[in-house]
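Chain by chain, the residues:
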Amino acid sequence: MRVRTLAVVLLAGGLALTACGKEGTPGSSTPAPTQAVENNVTVQGSATFDRMKSRGKVVIGVKEDQPGLGFKDATTNKYSGFDIEIAKLIAAKLGFDESKIEYKAIASAGREQALINGDVDYYVGTYTINAARKEKVAFAGPYFTAGQDLLVRKDDNSITGKETLKGKKVCSVTGSTPIKRVKDENLTEPENITEYQNYSQCVAKLAESAVDAVTTDDAILKGYAAQEKDKFKVVGKPFSTEPYGVGLAKDDKPLRDKVNDILEAAISGSDWQNIYDATLGKSGSPATKPVIDRY
């Protein structure tokens, strides 16, 4: 799903984040747990880790326009969301506290090149693991498994999954995989399909009852539902599989193995669930813990 091409128009707060007056972002009222920094960490044979230690900080590629996942507050310039907390957890376990983290917002199209160039040390931002990308970069994870789903109004019980979309007005982003799937599978009539350049426009139309559902990765939709949990809900029946991984330099197996160890410990312990509950979990939708794939 090409939610990696999101151009969500998000300002400091609000639903479409253009002017609806709601302050804060998902998870802002309940901070995610602070991660203890591990001292004397070594990752033998990792050129990326050596670079981090030499410069005294870690540079993490992220998204800044996805509520509940990777979001930069326009007023405070602080980042928040599930992906950000996962990125911070990894940094802490590598020996870097929050004061030694530099976030660098990288658009979807530039992620591979940023990792290849060494512009970022690792990337955490709704980055789906797939075969084509693994030709250029490496992945640890997945740390989350998303899937295409539907965001609907809270009081609408007529849409229970993709099989109930006939006759319903569905909105998604032009040129995205979600809208392509809606068309290819004939989930609703062509005249009922609405396309915009970003998802915030679709969500605004959903609030106005101009459309009946917004479709993209459920992780993105949970972010919107968490912001306006009295207005929206995620149906909760994903109809694709999108494993989100931590992007790394292709040949840095030592760091990939270390990050996999960190993620595995977080998932088997309480860290992963605590982070989810404080961010995407505010949507009211549960999540299934992922299983690390050590390919």
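Now for a quick tour of the structure. Keep in mind that this is a model prediction, so the values were computed, not measured.

## Thoughts on the nonpolar core
Counting residues in each nonpolar core, the largest one holds 57 residues, and the members touching the most others are Ile60, Phe82, Leu94, Tyr122, Phe144, Leu151 and Val246. Here this core takes seven residues from helix 2 (residues 82-93), the largest share from any one element. Discounting residues that sit within four places of it in the chain, Phe144 has contacts with Phe82, Asp218, Ala219, Lys222, Glu242, Pro243, Tyr244, Trp272, Tyr276, Leu280, Ala287 and Pro290. Listed in part, the eleven residues of the second largest apolar core include Val170, Val182, Ile193 and Phe239.

## Section: the packing of helix 2 against helix 8 (residues 253-268)
When two helices pack together, their arrangement is given by the angle between the helix axes and by the axis-to-axis distance. Orientation of helix 2 relative to helix 8, taken along the N-to-C sense of each, is 115°, at an axis distance of 10 Å. Relative to helix 8, the crossing made by helix 2 is right-handed. Residues Ile86, Leu89, Ile90 and Lys93 of helix 2 form the contact with helix 8, whose own contacting residues are Lys258, Val259, Ile262, Leu263 and Ala266. Taken together, the residues of the contact of helix 2 with helix 8 break down into seven nonpolar, no polar and two charged.

## So, the packing of helix 2 against helix 9 (residues 271-278)
With their axes 9 Å apart at the nearest point, helix 2 and helix 9 run at an angle of 150° to one another. Taken together, the axes of helix 2 and helix 9 are roughly antiparallel relative to one another. Between helix 2 and helix 9 lies a crossing of right-handed hand. Residue-level contacts link Phe82, Glu85, Ile86 and Leu89 of helix 2 to Asp271, Trp272, Ile275 and Tyr276 of helix 9.

## Some remarks on the packing of aromatic side chains
Taken as a whole and judged by the stated rule, the model has twelve aromatic pairs. Measuring from centroid to centroid gives 5.7 Å for Trp272 and Tyr276, while their planes differ by 5°, and the two rings are stacked. Residue Trp272 and its partner Tyr276 are both found in helix 9; the two are separated by four residues, about one turn of the helix. Residue class for Trp272 comes out buried when judged on its relative accessible area of 1%. Grouping aromatic residues by their ring pairs yields a cluster made of Phe82, Tyr143, Phe144, Tyr244, Trp272 and Tyr276. Across from the ring centre of Phe96, 5.9 Å away, lies the NZ or CZ of Lys53, which sits over that ring.

## Regarding the sheet that holds strand 3 (residues 70-72)
Read across the sheet, three strands follow the order 2-3-4 without closing on themselves; strand pairing throughout is antiparallel. Edge strands, defined here as strands with exactly one partner in the open sheet, are strand 2 (65-66) and strand 4 (79-80).

## So, the sheet that holds strand 9 (residues 170-173)
Sheet strands pair by backbone hydrogen bonding; their relative direction is either parallel or antiparallel. Spatially, the five strands line up as an open sheet ordered 10-9-11-8-12, and their pairing is mixed. Because the sheet does not close on itself, it has two edges, and the strands there are strand 10 (193-196) and strand 12 (232-234). Strand-to-strand twist across the sheet, computed as the mean angle between neighbouring axes with direction ignored, equals 30°. Inspection of the sheet shows strand 8 (residues 148-153) paired to strand 12 by three bridges, in the antiparallel sense. Counterpart to Leu151 in the pairing with strand 12 is Val234. The sheet strands contacting helix 5 (residues 177-184) are strand 8, strand 9, strand 10 and strand 11 (213-217), and the helix crosses strand 10 at an angle near 165°. Set on the sheet, helix 7 (residues 218-227) makes contact with strand 8, strand 11 and strand 12; between it and strand 11 the angle comes to about 130°.

Reading the values: the criteria
Residues numbered from 1 in each chain as written. Predicted model: local features only at pLDDT ≥ 70, side-chain atom pairs only at ≥ 80, totals over all residues. Heavy atoms only, no water. Core = buried A, V, L, I, M, F, W, Y, C linked by side-chain atoms within 4.5 Å. Buried < 20%, exposed > 50% of the residue type's maximum accessible area, 1.4 Å probe, protein only. Helix = DSSP H or I, 4+ residues; strand = E, 2+ residues; numbered from the N terminus. Contact = heavy atoms within 4.5 Å. Axes fitted to C-alpha atoms, helices over the stretch in contact; angles between N-to-C directions. Left-handed = near helix turned anticlockwise from the far one by under 90°. Nonpolar A, V, L, I, M, F, W, Y, C, P; charged D, E, K, R; others polar. Parallel < 35°, antiparallel > 145°, perpendicular 65-115°, else oblique. Phe/Tyr/Trp six-rings, centres within 6.5 Å; stacked < 30°, edge-to-face > 60°. Lys NZ or Arg CZ within 6 Å of the ring centre and 35° of its normal. Pairing = 2+ DSSP bridges.

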